[in-house]
Amino acid sequence: MLQSLAGSSCVRLVEQHRSAWCFALLVLGYLLYLVFGAVVFSSVELPYEDLLRQELGKLKQRFLEEHACLSEQQLEQFLMRVLEASNYGVSVLSNASGNWNWDFTSSLFFASTVLSTTGYGHTVPLSDGGKAFCIVYSVIGIPFTLLFLTAVVQRIIVYVTRRPVLYFHIRWGFSKQIVAIIHAIVLGFITVSCFFLIPAAIFSVLEDDWNFLESFYFCFISLSTIGLGDYVPGEGYNQKFRELYKIGITCYLLLGLIAMLVVLETFCELHELKKFRKLFYVKKDKEEDQVHIMEHDQLSFSSISDQAASMKDDQKANEPFVTSQSPTSNDSSLNN
């Protein structure tokens, strides 16, 4: 008897705080996913880092042996300066000296990566004035970009998602949920093909040092706004039509970001995902809902009564003028 009561009380407690338990599981799952990613990246990348360190150490030692007149301290200072310039997007290599990082097309590409929060990091402001302007430009430009993308996606999704789903639902009588799922899958496949697979094939041809996997990796890192900056197109020495190529990449990033947002919004509108998201939301209390409903009803009733009173006043004002009789005259007329 006691066990059944305890079990029912536990079930009742879980049901009452279901949203909190789901949220706790969500936080725990996210932390475990972070740890899982750290373990995998560490186990995969650490051996390659060790090999690269050993190779660089051997090259440095061989260079010092071949140039005995150069001390290790002088070489360290030179390498530190070269690496510092490389972090600012300036290379000392002869095959990269002809590419300017701050011409108009490169600056346009940089502005697009800043406003879209992609931020490859291969080019950064050098002067204090450029850094200050970048702060002000980003503070204004990033919310402006979010507003622009939200407005564009809201208009596109009406014609791309909602109207096609309603058309098949009303015209052919299919279930709206099934049509929405099939439509989301087809739209995702088209987006992956047009903005990942095809551009990856194009980049693998235009970029000499990129294979298909590296090109696909660049497309994903860019359109997901991760922007690691290890692969940046248009930076080759023999790049043909570099200015036009940079403008094309800027347009690709903007259109691809809009397409990604449309696909995400389409999946978020699925009924199943909405139900799944509600598991982690805080539910409103019934008393608060009743208070809000009562306040809403009071406001509506008061507004209706105010409107009725104003209408009566308007009717009285529009009526023809009639002279009022005094009470004494009314009484005398009644007596007569």
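Cut-off values and rules
Residues numbered from 1 in each chain as written. Predicted model: local features only at pLDDT ≥ 70, side-chain atom pairs only at ≥ 80, totals over all residues. Heavy atoms only, no water. UniProt positions renumbered as here; feature names shortened; annotations may be inferred. Axes fitted to C-alpha atoms, helices over the stretch in contact; angles between N-to-C directions. Helix = DSSP H or I, 4+ residues; strand = E, 2+ residues; numbered from the N terminus. Left-handed = near helix turned anticlockwise from the far one by under 90°. Contact = heavy atoms within 4.5 Å. Patch = residues over 30% accessible without salt bridge, like charges linked within 9 Å, V, L, I, M, F, W, Y side chains within 5 Å. Areas by Shrake-Rupley, 256 points an atom, 1.4 Å probe, with all protein chains shown as cover. Salt bridge = Lys/Arg side-chain N within 4 Å of Asp/Glu carboxyl O. Parallel < 35°, antiparallel > 145°, perpendicular 65-115°, else oblique. Nonpolar A, V, L, I, M, F, W, Y, C, P; charged D, E, K, R; others polar.

Per an unreviewed UniProt entry, the protein goes by the name Potassium channel subfamily K member 1 and belongs to Chordeiles acutipennis. In its Sequence similarities (unreviewed entry) section, the UniProt entry covering the protein states "Belongs to the two pore domain potassium channel (TC 1.A.1.8) family."

A. Just the packing of helix H4 (residues 104–115) against helix H5 (residues 128–171), in detail. Between H4 and H5, the least distance of the axes is 9 Å, while the angle of their chain directions is 60 degrees. Read as a crossing pair, H4 and H5 show a hand that is right-handed. Residues Phe 110, Ala 111, Val 114 and Leu 115 of H4 pack against Cys 134, Tyr 137, Ser 138, Gly 141, Ile 142 and Thr 145 of H5.

B. Summary view of a nonpolar patch on the surface. Taken together, Val 192, Leu 197, Ile 198, Ile 202, Val 205, Leu 206 and Phe 212 make up a surface patch of nonpolar side chains, about 600 Å² in accessible area. If you tally residues by element for the nonpolar patch, the top one is helix H6 (residues 176–206), at six residues. With respect to the helices, strands and loops of the structure, Ile 198 is situated in helix H6.

C. Just the packing of H4 against helix H8 (residues 242–268), in detail. Between H4 and H8, the least distance of the axes is 9 Å, while the angle of their chain directions is 15 degrees. As summarised for this structure, H4 and H8 are arranged roughly parallel, according to the angle between their axes. For the crossing formed where H4 meets H8, the hand is left-handed. Listed contacts from H8 to Thr 105, Ser 106, Leu 108, Phe 109 and Ser 112 of H4 are Arg 242, Glu 243, Lys 246, Ile 247, Ile 249, Thr 250 and Leu 253. In the contact of H4 with H8, the residues fall into five nonpolar, four polar and three charged.

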